[in-house]
Amino acid sequence: MSVLQTPNIHLVAVYGTLKRGMSNHDLLQASFFLGEDTLTSVTLYDLGLFPAAKFKVSDGITVELFKIDDATLTCLDRLEGYRPHDPEQSFYSRHLIKTRHGNAWVYIYCGGVEFWDPIRKGAWMPD
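Keep in mind that this is a model prediction, so the values were computed, not measured.

**Comments concerning the layout of surface pockets**
In this model, the largest pocket occupies a volume close to 200 Å³. Lining of the largest pocket is provided by 15 residues; of these, Thr17, Phe50, Leu79, Glu80 and Tyr92 occupy positions nearest its centre. Those elements that provide at least two residues to the lining of the largest pocket are strand 1 (9-14) and helix 1 (70-80). Per-element tally for the lining of the largest pocket: the top contributor is strand 1, with 3 residues. For the lining of the largest pocket, a count of residues per class yields 11 nonpolar, 3 polar and 1 charged.

Structure follows, in structure tokens:
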């Protein structure tokens, strides 16, 4: 008798190139879009080709929320340079954040942002 394993379902909040219409959204094409939310616990920084989020109070950053499976989460970890077994070497870290759709993973930039322009309200848009 075989036991079917069902993948875990996660929520992810995205704010940059993973959003609909952006360059990396194809990684979320098979995922279920739940809607948007506004987060006041993060501030974005415009790094040029992509944004970075830091835990810093803002006037409201717009994110898109998706239901994703384990395989998609692994792909997103790879894209974001998140190393769960070696977090000190990660480009982004992954944290749970409260949203109107439930707790969702959000990627937080591990580097410094002192020389980058902050986005304290709204959304990041590429040049």
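Still more to cover.
**Regarding the packing of aromatic side chains**
Counted by the stated rule, this structure contains 5 aromatic pairs. A connected cluster of aromatic rings, assembled from ring pairs, spans Phe50, Phe91, Tyr92 and Tyr109. The ring of Phe33 is capped by Arg20, whose NZ or CZ atom sits 3.9 Å from the centre of that ring. Positioned over the ring face of Trp105 is Arg94, at 4.3 Å from the centre of the ring.

Conventions used here
- Residues numbered from 1 in each chain as written.
- Predicted model: local features only at pLDDT ≥ 70, side-chain atom pairs only at ≥ 80, totals over all residues.
- Heavy atoms only, no water.
- 1 Å grid on protein atoms, 1.4 Å probe; cavity = no way out; pocket = protein on both sides within 12 Å on 5 of 7 lines; lining within 4 Å.
- Points joined across faces, edges and corners; volume = space filled by probe spheres on them.
- Helix = DSSP H or I, 4+ residues; strand = E, 2+ residues; numbered from the N terminus.
- Nonpolar A, V, L, I, M, F, W, Y, C, P; charged D, E, K, R; others polar.
- Phe/Tyr/Trp six-rings, centres within 6.5 Å; stacked < 30°, edge-to-face > 60°.
- Lys NZ or Arg CZ within 6 Å of the ring centre and 35° of its normal.

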